[in-house]
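# Chains, contacts and geometry: an overview
One letter stands for each residue in the lines below.
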Amino acid sequence: MKESYLPTLLQMRLLIGFLGERAQCAWWPTAFHEAASKPFLEPVFSKTSRLAQYHGVLEAARRLHDEHLSVGSYHLFRLPEEVEQNLHAIVQSSVGEELASLTPPGKEAALDALQRLAATGGASSVGPTAVGSIKDIDSTDTLNAIAAAYLSAFTQDAKTYPYLVG
């Protein structure tokens, strides 16, 4: 697999993780991106507060998606172990710091950034939505389809769970 898709995948996780929090679209009840989270996390995770923030949102999103999808399917927040390890490494690198700093401060800016990743308007759907095969996770078309599904859901105040078959 080519590695160039990983920063895009991480950027999508960061954007959708932000948009899914309670202050934006309230898909999950976390508040890791609110101003109060930094003073809360830093005393406990002094050197890794950004990583703790990332994993907190990741776990909340993963649980919600797992509740609505079949066991064995993959989704943006549950990928094969090798991909998960690569994403974790990127989060800890300078690339991850740069992507985290680029996460828009507000809902509208985050939706605009997600629109750029979607590239095209996707068909709106509610609930579980198959977007391809896990072997195509490095395909631009697959990444665009995932971003488009979330963009459609967030803008229409609906919930969708794009997944990839194994």
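On a predicted model such as this, the values are computed, not experimentally measured, just so you know. Along each chain, residues carry numbers from 1 onward, in the same order as the chain's sequence is written. Totals for whole chains, interfaces and linings use all residues, but because this is a predicted model, local features are given only for residues with pLDDT of at least 70 and pairs of side-chain atoms are given and counted only at 80 or more. Where side-chain values are given, they derive from all heavy atoms of the structure, hydrogens and water being excluded.

We now examine the environment of Ala118. Labels follow the DSSP assignment, with helices taken as runs of H or I lasting at least four residues and strands as runs of E lasting at least two, numbered in each case from the N terminus. Tracing the backbone shows Ala118 in helix α6 (residues 107-118). Counting along the chain gives 106 residues from Ala118 to Met12, while the straight-line C-alpha distance between them is 9.7 Å. What Ala118 contacts, discounting residues up to four positions off in sequence, is Asn144, Ala147, Ala148 and Leu151. In this analysis, two residues are considered to be in contact whenever any of their non-hydrogen atoms come within 4.5 Å of each other.

Turning our attention to helix α4 (residues 81-92). The span you would expect from a helix comes to 1.5 Å times its residue count less one. A rise of 1.5 Å per residue sets the reference length of α4, with its 12 residues, at 16 Å; its end C-alpha atoms lie 17 Å apart and thus fit the reference within 8%. Summary of the burial criterion: residues with accessible area below 20% of their type's maximum are buried, those above 50% are exposed, and those between are partly exposed, where the area comes from a 1.4 Å probe applied to protein chains only. Every buried residue of α4 is listed here: Val83, Glu84, Leu87, Ile90 and Val91. Across the axial projection of α4, the buried residues extend over an arc of 125 degrees, all falling on one side. The exposed set on the far side of α4, more than 90 degrees from its buried face, consists of Glu81 and Glu82. The arc in question is formed by the directions pointing from the helix axis toward the C-beta atoms.

Another aspect to go through is the pattern of salt bridges. Counted as salt bridges are all cases of a side-chain nitrogen of Lys or Arg within 4 Å of a carboxyl oxygen of Asp or Glu. Taken as a whole and assessed by the stated rule, the structure comprises six salt bridges. With a closest N to O distance of 2.6 Å, Arg13 and Glu84 form a salt bridge. Separated by 71 residues along the polypeptide, Arg13 in helix α1 (residues 6-20) and Glu84 in helix α4 bring together distant segments of the chain. For Glu84, a relative accessible area of 13% puts it in the buried group. The residue Arg62 makes a salt bridge to Glu59 at a minimum N-O spacing of 3.6 Å. With Arg62 and Glu59 both in helix α3 (residues 49-68) and three residues apart, the pair spans about one turn of that helix.

Turning our attention to the nonpolar core. Of all hydrophobic cores here, the largest spans 48 residues; its most connected members are Leu9, Met12, Ile16, Trp28, Ile137, Tyr150 and Phe154. Listing elements by their share of this core, those giving two or more residues are α1, α3, α4, α6, α7 (140-155) and β3 (160-165). It is α1 that provides the largest number of residues to this core, a total of nine residues. Ignoring any residue separated from it by four or fewer positions in sequence, one finds Trp28 in contact with Ile16, Gly17, Gly20, Glu21, Arg22, Val57, Ala60, Ala61, Leu64, His65 and Phe77. Working definition of a nonpolar core: buried Ala, Val, Leu, Ile, Met, Phe, Trp, Tyr and Cys residues. They are joined through side-chain atoms within 4.5 Å.

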